[in-house]
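Here is what each chain is made of, one letter per residue.
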Amino acid sequence: MEGSKLPRPYVVLSVAVSVDGYIDDTIPERLYLSNEADFDRVEVVRTECDAILIGAETLRRDNPRLIIKSPERLAARAAAGKPAHLQKIVVTGSGDLDPEARFWHYGVGDRVPIVYTTDTGAEKLRDRLGDLAVVVSLGAAVDFGALLDDLGDRGIDRLMIEGGTSIHTAVLATGLADELHLAVAPLLVGQADAPRFVNPAEFPGGSRRRMQLVEVSQIGDVALLRYFPKNDSEDI
């Protein structure tokens, strides 16, 4: 993947959080942080992208399909010359992925999902997943820069990332997110073992660096904050 000639995709990091910064609770049933209007907004953002990426833990916890449901939006993509379905991507270090998960079997078309993993994970997954996925090893550890280089070479111009915690942390810590969409739900989770938006990390510029806030909007009872993480804010 060295010497990539095509540009890396533009990266949109999308997450819904509670007021106290959690993305889920510890109850087995899924916690819905967004409301219906915000889910619709997220689908609009998906429609504008070429690919969508999640981590293995999100796949295991939520068992998502990651599809575009609206026939009108699917038609709009077709009219624009885009594939109906997004290129789906999952990242795993261990290779512990269930071939029965909905991720592999909905909204795929002729673009099978891509799994980015380690050398160790790849050995497990090529037999476990078979023709359900393209398995790409990034070496001894997951290198998100190399991952984006490879997606650029595959013609992906705009990538949406939807979690979870380890993925958000890695992408922000390596300075690879171009946009951050933060939907804040009017909930307090307060459970020490529940997953947070990000883990502790050394983020670019440290605690004194301010991202550029470019949009604040209300979507029912949800507040949407949109940031450009790579740009410094001039507001003090």
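For the structure itself, look to the data block above.
Residues numbered from 1 in each chain as written. Predicted model: local features only at pLDDT ≥ 70, side-chain atom pairs only at ≥ 80, totals over all residues. Heavy atoms only, no water.

A. The arrangement of the environment of Arg41 in detail. Its place among the elements puts Arg41 in helix 1 (residues 36-47). Counting along the chain gives 82 residues from Arg41 to Glu123, while the straight-line C-alpha distance between them is 38 Å. Among residues more than four places away in sequence, those in contact with Arg41 are His181, Ala183, Ile219 and Leu224. (Helix = DSSP H or I, 4+ residues; strand = E, 2+ residues; numbered from the N terminus. Contact = heavy atoms within 4.5 Å.)

B. Structural context of unusual backbone geometry. For the bond running from Gly163 to Gly164, omega is 10 degrees, close enough to zero to count as cis. Within the secondary structure, Gly164 sits in the loop between strand 6 (158-161) and helix 6 (165-173). Unusually for a residue other than glycine, Asn63 sits at a positive phi of about 45 degrees. Structurally, Asn63 is set in the loop between helix 2 (56-62) and helix 3 (71-79). For Asn63, a relative accessible area of 28% puts it in the partly exposed group. At Leu66, a residue that is not glycine, the phi angle is positive and equals roughly 55 degrees. Take Leu66: it is sitting in the loop between helix 2 and helix 3. Residue Leu66 is classed as buried on the basis of its relative accessible area, which comes to 7%. (Buried < 20%, exposed > 50% of the residue type's maximum accessible area, 1.4 Å probe, protein only.)

C. View of the environment of Gln87. When you line up the elements, Gln87 lands in strand 3 (residues 87-91). You can call Gln87 buried: its relative accessible area is 8%. Taking the C-alpha atoms as reference points, Gln87 and Ile52, 35 residues apart in sequence, are found 6.3 Å from one another. Every residue in contact with Gln87, bar those within four places of it in the chain, is listed here: Asp50, Ala51, Ile52, Arg111, Val112, Pro113, Ile114 and Ile156. A distance of 2.9 Å separates the side chain of Gln87 from the backbone oxygen of Val112, its partner in a polar contact. (Polar contact = N/O pair within 3.5 Å; in protein donor to acceptor, adjacent residues only side chain to side chain.)

D. Spotlight on the sheet that holds strand 9 (residues 222-232). In spatial order, the strands read 5-4-3-2-6-1-7-9-8; together these nine strands make up an open sheet with mixed pairing. Of all the strands in the sheet, just strand 5 (134-137) and strand 8 (211-219) have a single pairing partner and so form its edges. This sheet shows a mean twist of 20 degrees between the axes of neighbouring strands, independent of strand direction. The sheet contact formed by strand 4 (residues 114-117) and strand 5 spans four bridges and is parallel. Paired with Val115 across the bridge in strand 5 is Val135. Contacts from helix 1 reach strand 1 (10-18), strand 2 (51-55), strand 6, strand 7 (179-185), strand 8 and strand 9, with the element oriented near 170 degrees to strand 7. Its contacts with the sheet put helix 6 on strand 1, strand 2, strand 3, strand 6 and strand 9, and the angle it makes with strand 1 is roughly 135 degrees. (Pairing = 2+ DSSP bridges. Axes fitted to C-alpha atoms, helices over the stretch in contact; angles between N-to-C directions.)

E. Spatial organisation of the side chain of Thr92. Within the secondary structure layout, Thr92 lies in the loop between strand 3 and strand 4. Within the structure, the side chain of Thr92 is placed 3.4 Å from the backbone nitrogen of Ser94, a separation counted as a polar contact. Of the polar contacts made by the side chain of Thr92, one reaches the backbone nitrogen of Gly95; its length is 2.9 Å. Those residues within four positions of Thr92 in sequence are excluded, and the remaining contacts are Ala56, Leu97, Val115, Tyr116, Thr117, Thr118, Leu125 and Val142.

F. How the structure looks around the environment of His85. Considering the arrangement of structural elements, one finds His85 in the loop between helix 3 and strand 3. His85 sits in the partly exposed class, given a relative accessible area of 28%. The contact partners of His85, leaving out residues within four places of it in the chain, are Arg77, Gly107, Val108, Gly109 and Arg111.

G. Looking closely at the pairing of strand 4. The two faces of strand 4 match: Ile114 and Tyr116 on one face and Val115 and Thr117 on the other face are all buried. Bridge analysis of strand 3 against strand 4 gives three bridges, and the strand direction is parallel. Bridge pairing links Ile89 to Ile114 in strand 4. Traced from strand 4 through helix 4 (residues 119-129) to strand 5, the parallel crossover comes out right-handed. (Right-handed = clockwise from strand over helix to strand, strands pointing away.)

H. Geometry of the pattern of salt bridges. On inspection of all chains with the given rule, the structure shows 14 salt bridges. For Lys230, the salt bridge is made with Asp178, and the minimal N-O distance between the two is 2.9 Å. Placement of the pair is Lys230 in strand 9 and Asp178 in the loop between helix 6 and strand 7, with a sequence separation of 52 residues. In this structure, a network of salt bridges that share partners links the residues Arg158, Glu179, Glu215 and Arg226. (Salt bridge = Lys/Arg side-chain N within 4 Å of Asp/Glu carboxyl O.)

Without other data, these values stay purely geometric and don't point to any function.
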